[in-house]
Amino acid sequence: MNRYILKRCGQLIIVLLVASIFIFSIIHLAPGDPLVVLLGERATAEQMQRMRQAFGLDQPLYVQYL
């Protein structure tokens, strides 16, 4: 019984990892800038840069994922 539970927990971890990578990829491959949606089209370049730093969107993809 313990072996079955450990096997299922291992499978759960793999499925969650694959799902999180898939969702992260879809979000980054979507067209448009999410900050434009969040701040609106009238946002200044300074506001955009500040929010990009606050959300970590100026970091490499692997850092953003972690």
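Bear in mind that the values here come from a model prediction, so they are computed numbers and not experimental data.

**Here's the deal with the overall build of the chain**
Moving on, step 1. Helix and strand counts for the chain come out as four helices and zero strands.
Moving on, step 2. For the chain, the N- to C-terminal ordering of α and β elements is α-α-α-α.
Moving on, step 3. Taken over the C-alpha atoms alone, the chain extends approximately 60 × 20 × 15 Å along its principal axes.
Moving on, step 4. Out of the 66 residues belonging to the chain, those deemed buried represent 8%.
Moving on, step 5. A total accessible area of about 6000 Å² is found for the chain, and carbon and sulfur atoms account for 67% of it.
Moving on, step 6. Taking the average place of the 6 positive charges on the side chains of the chain and the average place of its 4 negative ones, the gap between the two points comes to 22 Å.

Basis of the calculations
- Residues numbered from 1 in each chain as written.
- Predicted model: local features only at pLDDT ≥ 70, side-chain atom pairs only at ≥ 80, totals over all residues.
- Heavy atoms only, no water.
- Helix = DSSP H or I, 4+ residues; strand = E, 2+ residues; numbered from the N terminus.
- Buried < 20%, exposed > 50% of the residue type's maximum accessible area, 1.4 Å probe, protein only.
- Areas by Shrake-Rupley, 256 points an atom, 1.4 Å probe, with all protein chains shown as cover.
- Lys, Arg positive; Asp, Glu negative; His and termini not counted.
- Charge placed at Lys NZ, Arg CZ, Asp CG, Glu CD.

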